[in-house]
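Chains, contacts and geometry: an overview
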Amino acid sequence: MAALPVPLLALVLLLLAGCGGPGAAGQRRKEMVLSEKVNQLMEWASKRSVIRMNGDKFRRLVKAPPRNYSVIVMFTALQPHRQCVVCKQADEEYQILANSWRYSSAFTNKIFFAMVDFDEGSDVFQMLNMNSAPTFINFPAKGKPKRGDTYELQVRGFAAEQLARWVADRTDVHIRVIRPPNYAGPLMLGLLLAVIGGLVYLRGSNLDFLYNKTGWAFAALCFVLAMTSGQMWNHIRGPPYAHKNPHTGQVNYIHGSSQAQFVAETHIVLLFNGGVTLGMVLLHEAATSDMDVGKRKIMCIAGIGLVVLFFSWLLSVFRSKYHGYPY
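Because the structure is predicted, anything quoted here is derived from the model rather than measured.

A closer look at the pattern of salt bridges
One pass over the structure, following the stated rule, counts nine salt bridges. Across the pair Arg 170 and Asp 149 runs a salt bridge whose closest N-O atoms are separated by 3.0 Å. Of this pair, Arg 170 sits in helix α7 (residues 160-171) while Asp 149 sits in the loop between β4 (135-139) and α6 (153-156), placing them 21 residues apart in sequence. Under the relative-accessibility criterion, Arg 170 is labelled partly exposed at 34%. One connected set of salt bridges, linked through shared partners, spans Asp 56, Arg 59 and Asp 123.

Laid out in structure tokens, this is it:
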């Protein structure tokens, strides 16, 4: 067989090296798809730290290979008609975590943060057999999520710092959580000090009001009533004022579960506790005051009536929330 000329031989070798067979073509195709996916995610992440996804985006960018990046996905239900208060609170912490990563000097395309809302991707919930929200799942760069890739929300809570530790365990990406400054506390403290300073200035040398037992007792009583009615729980959880059934239009002021409450429920319980307290004060005054017997009898009857009436209403609220309690 005659030998090929050197230029022609070089051209053949170059063509063979460029083609590389079907395997090389498939590899190049995977690299192109992966590059497109990463570029798309980076473009979205540059505009919003948490990428919102529907079913199509989730299947294409999270579920379908190839993938050399991890995606932390929060499955949630943020629409107002879903009445998911925990979803809103978890979303705030999740946004803090994602922003801390997005604006970090260590930011890379190794990990992305995404969100699937039930009203935008109900098919994703059905595909994953999910029936609760919020839920955090890590979709690793290789393979399917394992048991540890589902965040234990009930055990760890949804604070951004706890989420960051879990992300570090699953992806080896360490995120330093940076919270935005909150000036509400210092402002309230400054306002309180200003009010106290103003009172002291106006009263001058007459500070007898500081030794007024009735004033201090009333202030302490108001604080106790506010705390026992659940005001602190409302401040932490941020529940709605009441719930209106979208089908019947009925408004509920008392939450049916013992694990939650409405703001209106707090006000109702505060009123009932105040009525019971007023009844007890009247009974005490009827027993210890120097008034004539007739007025003391009236105060006694009024006190007993207030205690019986408002305490019975408190029991009815308790019974509506604790259905299995033996009455």
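A word on the pairing of β4
Every other side chain in a regular strand lies on the same face of the sheet, so the side chains alternate between the two faces. With five of five residues buried, β4 is to be regarded as a mostly interior element. The pairing of strand β2 (residues 70-76) with β4 spans five bridges and is classified as antiparallel. Residue pairing for β4: Val 71 is matched across the bridge by Phe 139.

Side note on the sheet that holds β2
Taken in spatial order, the four strands of this open sheet run β1-β3-β2-β4, and their pairing is mixed. Each edge of the sheet is formed by a strand with only one pairing partner; in this case those strands are β1 (50-52) and β4. Strand-to-strand twist of the sheet, defined as the mean angle between neighbouring strand axes without regard to direction, takes the value 30°. Across the sheet, helix α4 (residues 85-102) touches β1, β2, β3 (111-117) and β4, and the angle it forms with β3 is around 160°. Against the sheet, α7 touches β2, β3 and β4, its axis set at about 25° to β4.

Remarks on the nonpolar core
Membership of the largest hydrophobic core comes to 27 residues, with the highest contact counts inside it found for Tyr 94, Leu 97, Phe 113, Phe 136 and Val 167. Secondary structure elements with two or more residues in this core: β2, α4, β3 and α7. Per-element tally for this core: the top contributor is α4, with seven residues. Not counting residues up to four positions away in its chain, the partners in contact with Val 167 are Ile 72, Leu 97, Ile 111, Phe 113, Asp 172, Val 173 and Ile 175. Core analysis: the next-biggest nonpolar cluster, separate from the first, contains 22 residues, Leu 34, Phe 58, Val 71 and Phe 112 among them.

What to know about helix α9 (residues 213-228)
Over its 16 residues, α9 extends 22 Å from the first C-alpha to the last, a length consistent with the 22 Å expected when each residue adds 1.5 Å. Once α9 ends, the next one or two residues include Gly 230, with phi positive near 105°.

Basis of the calculations
- Residues numbered from 1 in each chain as written.
- Predicted model: local features only at pLDDT ≥ 70, side-chain atom pairs only at ≥ 80, totals over all residues.
- Heavy atoms only, no water.
- Salt bridge = Lys/Arg side-chain N within 4 Å of Asp/Glu carboxyl O.
- Helix = DSSP H or I, 4+ residues; strand = E, 2+ residues; numbered from the N terminus.
- Buried < 20%, exposed > 50% of the residue type's maximum accessible area, 1.4 Å probe, protein only.
- Pairing = 2+ DSSP bridges.
- Axes fitted to C-alpha atoms, helices over the stretch in contact; angles between N-to-C directions.
- Contact = heavy atoms within 4.5 Å.
- Core = buried A, V, L, I, M, F, W, Y, C linked by side-chain atoms within 4.5 Å.
- Expected span 1.5 Å × (residues − 1).

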